[in-house]
Amino acid sequence: MRFITGCAVLAIFFSASTHANPLIDQLIGVTNQYLEREVSEYARSLGGEPRHEIRLSRLDARLRLPLCAEDALSAQLESPDVPIGRVTVRVTCNGPSPWRLFVPAQVSLYQHVVVSSRPLQRRDVVSAQDVRLAERDTGLLGNNYLLDPAQAIGMQLKRNVNADTVLGHTQLEQNRLVQRGDKVVISAGNASVDVRMPGEALEDGTLGAQIRVRNTRSNRVVRARVTGPGQVEVGM
């Protein structure tokens, strides 16, 4: 056992042993209480009442450290920043024989997230009929999920997805109203003059994006702002 600044620093791993160990019971108790409190508070901050599950990794019954007085025992989240997914709790004893242990756990938080209601293809624009809400463990999704179908509707898919796929920011992008090679109408004007010219898009573009377009009459390349499907605008 290695001691650092007077505390035993150990990691708790899986163990096949099932021998009774009062220290294990103490660790399980303090870790569960801590995570129940932290996860409940986090869930309330999200709104609604998402259910959750806490599963501690099996602890090594061979640990031989002194029990800690309740008033000298504390728990703190070591990682990550929020108590969801694969977490590690630091349990510290500040008693006469101090020690510090790291207890791994898996925290599942079930929320209704946006999923595809049918198979969708790359570059499809998501409609209301393409998505629905379904309960999933967001502890397994990182930050790559959406809670409101409106966040996905009107967006364009970056890749093919199967039915019941959780949709997140990595699969979606702003709808490309203009794609490279498209024929476009170039508009230029002010309050008294409105000029329209045929052009060709040299880049993909979403609404409001600045892209390069070629005026097919003059062969001149200009930068224009995408204003709609097949429509771009240049300043005068």
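Along each chain, the written sequence defines residue order, and numbers are assigned to residues from 1. A pLDDT threshold of at least 70 governs which residues receive local features in this predicted model, and a stricter bar of 80 or more applies before side-chain atom pairs are shown or counted, although totals over entire chains, interfaces and linings include all residues. Side-chain numbers come from the whole structure's heavy atoms, not from hydrogens or water.

S.K.: Tell me about the pattern of salt bridges, and name the residues and values.
M.R.: In the sections that follow, a salt bridge refers to a side-chain nitrogen of Lys or Arg positioned within 4 Å of a carboxyl oxygen of Asp or Glu. Tallied over the entire structure, the rule returns 14 salt bridges. A salt bridge links Glu-78 to Arg-90; the nearest nitrogen and oxygen atoms lie 2.3 Å apart. On the criterion of sequence distance, the pair formed by Glu-78 in strand E4 (residues 73-79) and Arg-90 in strand E5 (residues 85-93) is long-range, its members being 12 residues apart. Think of it in three bands: residues with accessible area under 20% of the maximum for their type are buried, residues over 50% are exposed, and the middle band is partly exposed, with areas taken using a 1.4 Å probe on protein chains only. On the basis of relative accessibility, which here comes to 24%, the residue Arg-90 falls in the partly exposed class. Counting from the N terminus, the helices are the DSSP runs of H or I reaching at least four residues and the strands are the DSSP runs of E reaching at least two.

S.K.: Just give me the short version of the sheet that holds strand E16 (residues 231-234), but keep the residues and values in it.
M.R.: Should DSSP find at least two bridges between two strands, the strands are taken to pair. As summarised here, the arrangement of the 5 strands in space is E11-E12-E14-E15-E16, forming a closed barrel in which the pairing is mixed. When the angles between neighbouring strand axes are averaged without regard to direction, this sheet yields 55°. Strand direction decides the pairing type here: strand E14 (residues 210-215) and strand E15 (residues 221-228), joined by 5 bridges, are antiparallel. Bridge assignment links Gln-210 to a residue of E15, and that residue is Arg-225. For every element, the axis is a line fit to its C-alpha atoms; helices are fit only across the contacting stretch, and the angle between N-to-C directions ranges from 0 to 180 degrees.

S.K.: Quick rundown of helix H1 (residues 22-46)? Include the residues and the values.
M.R.: The span you would expect from a helix comes to 1.5 Å times its residue count less one. Spanning 25 residues, H1 covers 36 Å between terminal C-alpha atoms, matching the ideal 36 Å at 1.5 Å per step. The positive-phi residue at the C-terminal boundary of H1 is Gly-47, with phi of around 90°.

S.K.: Can you tell me about the side chain of Thr-31, naming the residues and giving the values?
M.R.: Considering the arrangement of structural elements, one finds Thr-31 in helix H1. The exposure class of Thr-31 is buried, given its relative accessible area of 0%. Within 3.5 Å is the distance limit for a polar contact, defined as a pair of N or O atoms, with the added protein rule that one can donate a hydrogen and the other accept it, and that residues adjacent in sequence qualify only through two side-chain atoms. Within polar-contact distance, the side chain of Thr-31 engages the backbone oxygen of Leu-27 at 2.7 Å. Residues within four places of Thr-31 in sequence aside, it is in contact with Leu-56, Val-89, Val-91 and Val-103. Any pair of residues with heavy atoms lying within 4.5 Å of one another is described as a contacting pair.

S.K.: Describe the environment of Ser-57, with residues and values.
M.R.: When you line up the elements, Ser-57 lands in the loop between strand E3 (52-56) and E4. For the pair Ser-57 and Leu-73, spaced 16 residues apart in sequence, the C-alpha to C-alpha distance is 20 Å.

S.K.: Now, about the pairing of strand E11 (residues 183-189): what can you tell me, with residues and values included?
M.R.: As paired strands, E11 and strand E12 (residues 194-201) are joined by 7 bridges and run antiparallel to one another. Bridged to Val-184 within E12 is Gly-199. Two strands pair when backbone bridges link them, and E11 and E16 are joined in this way by 4 bridges, in the parallel orientation. In the sheet register, Ile-186 faces E16, and the bridge partner there is Val-232.

S.K.: Describe unusual backbone geometry, naming the residues involved and giving the relevant values.
M.R.: Between Ser-79 and Pro-80 the backbone carries a cis peptide bond, its omega angle lying at -5°. Of note, Asp-164 is a non-glycine position whose phi angle comes to about 65°, a positive value. Here Asp-164 is to be found in the loop between strand E8 (155-157) and strand E9 (172-174). One non-glycine residue, Asn-219, adopts positive backbone phi at about 65°. One can find Asn-219 in the loop between E14 and E15. Among the residues examined, Asn-219 registers a relative accessible area of 53% and is labelled exposed.

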